[in-house]
Amino acid sequence: MFEEQYLKLSNSEKEDFARVVNNLLLKSFVLRETYDRHAKIMKSNRDYSFIERNIEMIREYLAFSGWTVEKDSRLGVVMINNEYQDNHIRIDFMTSLMVYALRYAYELRREEDQMTTDVYFSASELMKILIDKGLIKQDKKPSAVAMASSYRFLENHNIIARDTGDFRDRSLTFYILPSILFVIDMDKINAIFDEVEKSGQDLDML
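How each quantity is defined
Residues numbered from 1 in each chain as written. Predicted model: local features only at pLDDT ≥ 70, side-chain atom pairs only at ≥ 80, totals over all residues. Heavy atoms only, no water. Core = buried A, V, L, I, M, F, W, Y, C linked by side-chain atoms within 4.5 Å. Buried < 20%, exposed > 50% of the residue type's maximum accessible area, 1.4 Å probe, protein only. Helix = DSSP H or I, 4+ residues; strand = E, 2+ residues; numbered from the N terminus. Contact = heavy atoms within 4.5 Å. Pairing = 2+ DSSP bridges. Axes fitted to C-alpha atoms, helices over the stretch in contact; angles between N-to-C directions. pLDDT = per-residue confidence, 0-100. Left-handed = near helix turned anticlockwise from the far one by under 90°.

Some remarks on the nonpolar core
Item 1. Core analysis: the biggest nonpolar cluster contains 39 residues, and Leu 102, Phe 121, Leu 126, Leu 130, Tyr 151, Phe 174 and Ile 176 have the highest contact counts within it.
Item 2. Mapped onto this core, the elements with two or more residues apiece are β1 (29-31), β5 (77-82), α4 (93-112), β6 (119-122), α5 (123-132), α6 (144-156), β7 (160-164) and β8 (173-176).
Item 3. The dominant element in this core, judged by the number of residues it contributes, is α4, at nine residues.
Item 4. The contacts of Phe 121, once residues within four sequence positions are left out, are Ala 105, Arg 109, Leu 126, Ile 129, Thr 173, Phe 174 and Ile 176.
Item 5. In terms of nonpolar packing, the next biggest core, distinct from the first, is built from 18 residues, Phe 17, Ile 51, Ile 55 and Trp 67 among them.

Next up, the structure:
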């Protein structure tokens, strides 16, 4: 039972429990490794370790409000889903296209290097994929503000981790995190791509 397990925690562990659960609800994903921009390295994430040790208790606690907790040990990703679908985050069209391109890039790079978990990427490489795939037009690129908003959303939900540059800069570099594989169902991504191909929709109004 949740209450029995929770009462066995120390005071500091109870504080960790509250912080980790709130962080999971806020960001949707918790990863085994986080990027330290100052040290320029990936570091073990103590929140992920806490969830691993207490995952059944966290699952039971969140189940009361319709949340399920899943863990992919191979990729090092913990994620939540709401069975009532009331709390699903809706992403805008620009961000959806970026997710498609980032997932494409991630899976391509993973095929080249099976040991890679986090993929190093740049804003210019992402823009090239968006154009090459026909997701945006060369002469109708989205504004820096629109792109920055999408990048910020993706970072806030632990889907990318910024390395250098501002979100509005062409020089922006970042890591694509393994959580990209769980952001959106591949069928939905393909449906978006098909819709773009059929309608010739562009992003000049975003």
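Some thoughts on the sheet that holds β5
Item 1. Strand order in the open sheet formed by three strands is β1-β5-β4, with antiparallel pairing between adjacent strands. Each end of this open sheet is capped by a strand with a single partner; those strands are β1 and β4 (67-72). On average, each strand axis in the sheet is inclined to that of its neighbour by 20°, with strand direction left out of account.
Item 2. Sheet topology note: the β4/β5 ladder contains six bridges and is antiparallel. By the bridge assignment, Glu 70 is partnered in β5 with Met 79.

What about the confidence of the model for the chain?
For any part of a model where pLDDT is low, the fine detail of the predicted coordinates should not be relied upon.
Item 1. The predicted model of the chain averages 88 in pLDDT, with 89% of residues at 70 or higher.
Item 2. Below pLDDT 50 for its whole length, residues 202-206 participates in twelve contacts with residues either more than four positions away or in separate chains.

Structural notes on the packing of α4 against α6
Item 1. Close contact between α4 and α6 brings their axes to 9 Å; oriented N to C, the two are set at 65°. Pair α4 / α6 crosses with right-handed handedness. Two secondary-structure elements touch here, α4 through Met 94, Thr 95, Met 98, Val 99 and Leu 102 and α6 through Ala 146, Met 147, Ser 150, Tyr 151, Phe 153 and Leu 154.

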